[in-house]
Amino acid sequence: MSTANQASAAIPQRWLKRQTRSKRVLPGFGLSLGISLFFISLILLLPLTGLMVEVSAMSFNEFWFVVTDPRVVASYKVTALAALAASLFNGAFGLLLAWVLVRYEFPGKRLIDAVVDLPFALPTAVAGITLATLFAANGWYGQWLSKLGIEVAFTPVGIVVAMAFTSLPFVVRTVQPVLEELAPEDEEAAVSLGASDGNVFRRVIFPALWPALLTGVALSFTRSLGEFGAVIFIAGNMPYVSEVTSLMIFVRLQEFDYAAASAIASVILLVSLLMLFAITLWQARYLKRVEGR
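Worth saying up front: this structure is predicted, and the values here are computed from it rather than measured. (Residues numbered from 1 in each chain as written. Predicted model: local features only at pLDDT ≥ 70, side-chain atom pairs only at ≥ 80, totals over all residues. Heavy atoms only, no water.)

Quick look at the overall build of the protein chain
Regarding its fold elements, the protein chain presents 14 helices and 0 strands. Reading the protein chain from its N end, one meets helices and strands in the order α-α-α-α-α-α-α-α-α-α-α-α-α-α. By the burial criterion, 34% of the 293 residues in the protein chain qualify as buried. For the protein chain, the share of sequence-separated contacts (at least 6 apart) that also reach a separation of at least 24 residues comes to 75%. (Helix = DSSP H or I, 4+ residues; strand = E, 2+ residues; numbered from the N terminus. Buried < 20%, exposed > 50% of the residue type's maximum accessible area, 1.4 Å probe, protein only. Contact = heavy atoms within 4.5 Å.)

In structure tokens form, the structure reads like this:
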């Protein structure tokens, strides 16, 4: 074989090796995994371990007395109901917003798409103060709502508004990629067969969309359970009426009762972990069932 032929044969081999190396995880799987586990332990597992250590120092009777205090139980109810209402609102409005961003082109689309992520970047305390100012009786929104007899600021409704604001991106960003991947051929085929727009959405689009929508709503609910900064400024914080569980944790910390604060926090942590575990398990079974068809 001539030198030119040998060189031309060696080029594809070098190119293949370069392509193979480019697919490896930099700086290598072992080091990358080690760094990832280190930061997970430092940022997630270590604080959770400290929480469990505080709780383990209590007897079961002490723990039960703290987490079943009537005022704390009332905060569970307020938090869960407000989180549920905010998540359902986000499910409807987030789906609509994701639909508009994916299916339509209009001036300012990129700006609106960026604003969706604003609750992630905006400090929650700033969001709470802003919402309380807007929805107060003399605020931009509140002055018109008060004429209709609707009070938002310093009521449980304000809690729902704050939770919906901070958790809306979870629904939009979960549904948006699925909408982008939907094949338009299926919709076109349904329309060509005489299906109305409503039937196309119910029978073609929604069956492919609802797993992502349900996941987004569940993530929104989980996020809302632990909301604090955006809630306390607009809730009113009236015992048995508009106190959320995160505020009860803060109150116990102000009293330097770290064990009680950890006990209450462990309840919210347990519910959040169970929700996330249920979402992950359901997603795995759903994908397995879809792939098996």
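A closer look at the nonpolar core
The tendency in soluble globular proteins is for nonpolar side chains to be buried side by side. Core analysis: the biggest nonpolar cluster contains 25 residues, and Phe 135, Ile 159, Ala 162, Met 163, Val 231, Ile 234 and Val 244 have the highest contact counts within it. Elements with a minimum of two residues in this core: α4 (70-103), α7 (124-135), α9 (156-181), α11 (197-225) and α12 (229-235). Once residues lying within four places of it in the same chain are set aside, the contact partners of Phe 135 are Tyr 141, Gly 142, Leu 145, Val 152, Ala 153 and Val 161. Of all hydrophobic cores here, the second largest spans 19 residues; its members include Val 116, Val 171, Val 172 and Leu 179. (Core = buried A, V, L, I, M, F, W, Y, C linked by side-chain atoms within 4.5 Å.)

Some thoughts on unusual backbone geometry
At Tyr 240, a position not held by glycine, the phi torsion is positive, near 70°. For Tyr 240, the location among the structural elements is in the loop between α12 and α13 (245-254). Its identity is not glycine, yet Phe 256 carries a phi of approximately 60°, on the positive side. Secondary-structure assignment places Phe 256 in the loop between α13 and α14 (258-291). Phe 256 sits in the exposed class, given a relative accessible area of 62%.

Notes on helix α3 (residues 60-67)
Taken residue by residue, α3 has Phe 63, Val 66 and Val 67 as its buried positions. What you see down the axis of α3 is that its buried residues fit within an arc of 90°, all on one side. Away from its buried face, by an angle of more than 90 degrees, α3 presents the exposed residues Asn 61 and Phe 65. (Arc of directions from axis to C-beta.)

Points about the pattern of salt bridges
Across all of its chains, the model carries 6 salt bridges by this definition. One salt bridge connects Arg 252 with Glu 255, and the closest N-O pair in it is separated by 3.8 Å. The class for Arg 252 is buried, based on a relative accessible area of 15%. Look at the salt bridges and you will find they share partners, linking Asp 113, Asp 117 and Arg 173 into a network. (Salt bridge = Lys/Arg side-chain N within 4 Å of Asp/Glu carboxyl O.)

Some details on the packing of α9 against α11
Packing of α9 against α11 leaves a shortest axis separation of 8 Å and a crossing angle of 160°. By the angle between their axes, α9 is roughly antiparallel relative to α11. Relative to α11, α9 is oriented so that their crossing is right-handed. In this structure, α9 uses Met 163, Thr 166, Ser 167, Phe 170, Val 171, Thr 174, Val 175, Val 178 and Leu 179 to contact α11, whose residues at the interface are Ala 208, Leu 209, Ala 212, Leu 213, Thr 215, Gly 216, Val 217, Leu 219, Ser 220, Arg 223 and Ser 224. Looking at the contact of α9 with α11, its residues break down into 12 nonpolar, 7 polar and 1 charged. (Axes fitted to C-alpha atoms, helices over the stretch in contact; angles between N-to-C directions. Parallel < 35°, antiparallel > 145°, perpendicular 65-115°, else oblique. Left-handed = near helix turned anticlockwise from the far one by under 90°. Nonpolar A, V, L, I, M, F, W, Y, C, P; charged D, E, K, R; others polar.)

Side note on the side chain of Ser 266
Within the fold, Ser 266 resides in helix α14. Ser 266 sits in the buried class, given a relative accessible area of 10%. Among all residues touching Ser 266, those that are not within four sequence positions of it are Leu 51, Met 52, Val 55 and Phe 63.

Here we look at the confidence of the model for the protein chain
In this model, the protein chain carries an average pLDDT of 83, and 88% of its residues clear a pLDDT of 70 or more. Per-element averaging of pLDDT across the protein chain places helix α1 (residues 3-22) at the bottom with 47 and α4 at the top with 93. Counted against residues more than four places away or in other chains, residues 1-11, with its pLDDT under 50, gives 1 contact. Note on residues 14-21: pLDDT is under 50 here. Beyond four places in sequence and across chains, it has 0 contacts. (pLDDT = per-residue confidence, 0-100.)

A look at the packing of aromatic side chains
Across all of its chains, the model carries 8 aromatic pairs by this definition. Their ring planes at 15° and their centres at 6.1 Å tell us that Phe 60 and Trp 64 sit as a pair that is stacked. Here the residue Phe 60 and the residue Trp 64 both occupy positions in helix α3, the gap between them amounting to 4 residues, near one helical turn. With a relative accessible area of 59%, Phe 60 lands in the exposed category. Seen in terms of ring centroids, Phe 120 and Phe 170 are 5.3 Å apart; in terms of plane orientation they differ by 85°. Their pairing is edge-to-face. In this pair, Phe 120 sits in helix α6 (residues 118-121) while Phe 170 sits in helix α9, placing the two residues 50 residues apart along the sequence. For Phe 120, a relative accessible area of 47% translates into the label partly exposed. Here Phe 170 falls in the partly exposed class, since its relative accessible area comes to 23%. The positively charged end of Arg 103 is found above the aromatic ring belonging to Trp 99, 4.4 Å away from the centroid. (Phe/Tyr/Trp six-rings, centres within 6.5 Å; stacked < 30°, edge-to-face > 60°. Lys NZ or Arg CZ within 6 Å of the ring centre and 35° of its normal.)

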